[in-house]
Amino acid sequence: MKYKFLGILFLTLIIISCSNDNGININSNIHTLNNKLFHYGDSLNLIVESKYQIDSITYQINNSNRKSIKKIIAQSDFDYGPNILKQNIYFNKNNKQRKTSYSAELVILSDTKEKAIEYEIINKFKHNESLFTQGFFVTTNGNIIESTGSKNRTSQLVEYQLGNIDFEKNIELSANLFGEGATEIDDKIYLLTWKSRKGFIYDKKSFELITEFTYPSQIFEGWGLTSLNNELVLSDGTDKIYFIEINNLSNYKRKISVVGYNKLYKNINELEYINGFIYANVWQEDIILKINAKNGIVEGILDLKKISDLYSKNGVLNGIAFKPKSNTILVTGKFWSEIFEIKLKE
């Protein structure tokens, strides 16, 4: 006799035959869901077939155990972004209970389309074109602090007045370190490095090194950095953004995936927290994403191609700094000779 379990209805039926080393033949279509894109409310179609009697099927969603799974993708079960769905099949063979498991990664996207954000250029400032911009922010005194990183030159942390190409303060990192994003919290500057999994904390006034720290074990690269209250907000070049409390730098508190209506955004780079949202450069793209800091949904996109085309021969767009007094944003790029001040039309 052949026993069939029909799980959740979804799209067209495709069954992939799977077997393990013990010669147990189980047919499951869960693999057809791998890397598929979904929205909340979409239905599933999980089907299992076996020549043995199936006693039960249980599930795990992101390591959370479930006795069953709903007929539609619900927000109570799945997070935005990639989710690991594991299927555990318990069956009887030769009067002994056996178990086999399969898994797939499902990607949950936003239910709303990203809006185009219009802007106007209201000012331009000189920018030192020797800087391979990584971190970029406005300090509480109105100056710019910028971090740089490059394989062919020494990484730096510099401070200067907006529009002045001469540095008021400047320190260099060790030659084996590749500088990345930077931000400030209170009287300290936090600086990332790329692949060494090491960050540094400096005194903001003197640029003297206070201490260093190691990234949480789940983070392998440092890319962009901004701050939200007493949390570091860090990107690692994937679709993920991590939130790390400054009193517990070895662990992250939570993470979000950056999702749009039709795609998962990867290569998230330089970050800036502005009025409840995270604005992010995307590596080697001429856009800035406006990301909901709570759930990772991209609510808007700034297309800066007209600006970045001016410097396409120099380097890519990278650098976002918020000026709270004027409610404007400064943008620049790697080896650019100008900083553009823009005002959003929202």
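Cut-offs and rules
- Residues numbered from 1 in each chain as written.
- Predicted model: local features only at pLDDT ≥ 70, side-chain atom pairs only at ≥ 80, totals over all residues.
- Heavy atoms only, no water.
- Core = buried A, V, L, I, M, F, W, Y, C linked by side-chain atoms within 4.5 Å.
- Buried < 20%, exposed > 50% of the residue type's maximum accessible area, 1.4 Å probe, protein only.
- Helix = DSSP H or I, 4+ residues; strand = E, 2+ residues; numbered from the N terminus.
- Contact = heavy atoms within 4.5 Å.
- 1 Å grid on protein atoms, 1.4 Å probe; cavity = no way out; pocket = protein on both sides within 12 Å on 5 of 7 lines; lining within 4 Å.
- Points joined across faces, edges and corners; volume = space filled by probe spheres on them.
- Pairing = 2+ DSSP bridges.
- Phe/Tyr/Trp six-rings, centres within 6.5 Å; stacked < 30°, edge-to-face > 60°.
- Lys NZ or Arg CZ within 6 Å of the ring centre and 35° of its normal.
- Axes fitted to C-alpha atoms, helices over the stretch in contact; angles between N-to-C directions.

## Re the nonpolar core
Now for step 1: Counting 29 residues, the largest nonpolar core has Ile69, Ile73, Phe78, Leu85, Ile89 and Leu106 as its most contacted members.
Now for step 2: For this core, the elements supplying multiple residues, two or more each, are β6 (53-61), β8 (81-93) and β9 (96-108).
Now for step 3: The greatest single-element share of this core, amounting to five residues, is contributed by β9.
Now for step 4: Setting aside residues up to four positions removed in sequence, Ile89 forms contacts with Ile26, Val48, Ile54, Ser56, Ile57, Arg98, Lys99, Thr100 and Tyr102.
Now for step 5: If you look at the next biggest cluster of nonpolar residues, it comprises 18 residues, including Tyr311, Val331, Trp336 and Phe340.

## As for empty space enclosed by the protein
Now for step 1: Counted under the stated rule, the structure contains one cavity of 30 Å³ or more.
Now for step 2: Put simply, the largest cavity is a space of about 30 Å³.
Now for step 3: In terms of lining, the largest cavity is formed by Ser130, Leu131, Phe132, Thr148, Gly149, Ser150, Arg153, Thr154 and Gln156.

## Considering the layout of surface pockets
Now for step 1: Quantified by volume, the largest pocket comes out at close to 450 Å³.
Now for step 2: Forming the boundary of the largest pocket are 21 residues, of which Asn62, Asp79, Pro82, Asn83 and Lys255 lie nearest the centre.
Now for step 3: Counting residues per element, the ones that place at least two in the lining of the largest pocket are β6, β8 and β23 (254-257).
Now for step 4: Approximately 390 Å³ is the volume attributed to the second largest pocket.

## Re the pairing of strand β13 (residues 144-148)
Now for step 1: Buried residues dominate β13, accounting for five of its five residues.
Now for step 2: Going residue by residue along β13, you find Ile144, Glu146 and Thr148 tucked away on one face and Ile145 and Ser147 tucked away on the opposite face as well.
Now for step 3: Pairing of strand β12 (residues 133-138) with β13, which is carried by five bridges, proceeds in the antiparallel orientation. Note that in β13 the partner of Val138 across the bridge is Ile144.
Now for step 4: Taking the residues between adjacent antiparallel strands as the criterion, β12 and β13 are bridged by five residues, where Gly142 takes a positive phi near 90 degrees.
Now for step 5: Where β13 lies against strand β14 (residues 156-160), four bridges are found, and the strand directions are antiparallel. Residue pairing for β14: Ser147 is matched across the bridge by Leu157.

## A closer look at the sheet that holds strand β24 (residues 268-274)
Pairing between the strands of a sheet comes from backbone hydrogen bonds, and it takes one of two forms, parallel or antiparallel.
Now for step 1: Reading across the sheet, the five strands line up as β10-β27-β26-β25-β24 and stay open at both edges, with mixed pairing between neighbours. The open sheet has two edge strands, β10 (115-116) and β24, and neither has a second partner.
Now for step 2: In this sheet, strand β27 (residues 298-303) lies alongside strand β26 (residues 287-292) in antiparallel orientation, the contact comprising five bridges. Each residue of the ladder has a partner; that of Lys290, found in β27, is Gly300.

## A closer look at the packing of aromatic side chains
Think of a pair of aromatic rings as described by two things: how far the centres are apart, and how the planes are tilted against each other in angle.
Now for step 1: For the coordinates displayed, the defined rule picks out eleven aromatic pairs.
Now for step 2: When the ring of Tyr160 is compared with that of Phe167, the centres are 6.3 Å apart and the planes differ by 40 degrees; the resulting orientation is tilted.
Now for step 3: In this structure Tyr160 comes out as buried when scored by relative accessible area, which is 1%.
Now for step 4: For Phe167, a relative accessible area of 27% translates into the label partly exposed.
Now for step 5: Three or more aromatic residues joined by ring pairs make a cluster, and in this case those are Tyr311, Trp336 and Phe340.
Now for step 6: Taking the ring centre of Phe207 as reference, the NZ or CZ of Lys169 above it sits at 5.3 Å.
Now for step 7: Directly above the aromatic system of Phe243 lies the positively charged group of Arg254, at a separation of 3.8 Å from the ring centroid.

## Considering unusual backbone geometry
With the exception of glycine, most residues fall at negative phi, and the peptide bonds are largely trans.
Now for step 1: With a phi close to 65 degrees, Asn95 is a non-glycine residue in the positive phi region.
Now for step 2: Mapped onto the elements of the fold, Asn95 is located in the loop between β8 and β9.
Now for step 3: Of note, Asn229 is a non-glycine position whose phi angle comes to about 55 degrees, a positive value.
Now for step 4: Of note, Asn229 is situated in the loop between β20 (225-228) and β21 (231-235).

## So, the pairing of strand β19 (residues 209-214)
Now for step 1: The sheet contact formed by strand β18 (residues 198-203) and β19 spans five bridges and is antiparallel. When the bridges of β19 are listed, Tyr202 appears paired with Leu209.
Now for step 2: Where β18 folds back onto β19 in an antiparallel hairpin, the turn is made up of five residues, including Phe207, whose phi is positive at roughly 65 degrees.

## Notes on the sheet that holds strand β30 (residues 338-345)
Now for step 1: The strand order β11-β30-β29-β28 describes an open sheet built from four strands, whose pairing is antiparallel. The open sheet terminates on both sides in strands that have one partner only, identified here as β11 (118-126) and β28 (317-323). Neighbouring strand axes in the sheet, compared pairwise and without regard to direction, differ in orientation by 30 degrees on average.
Now for step 2: By the bridge criterion, three bridges tie strand β29 (residues 328-333) to β30 in an arrangement that is antiparallel.

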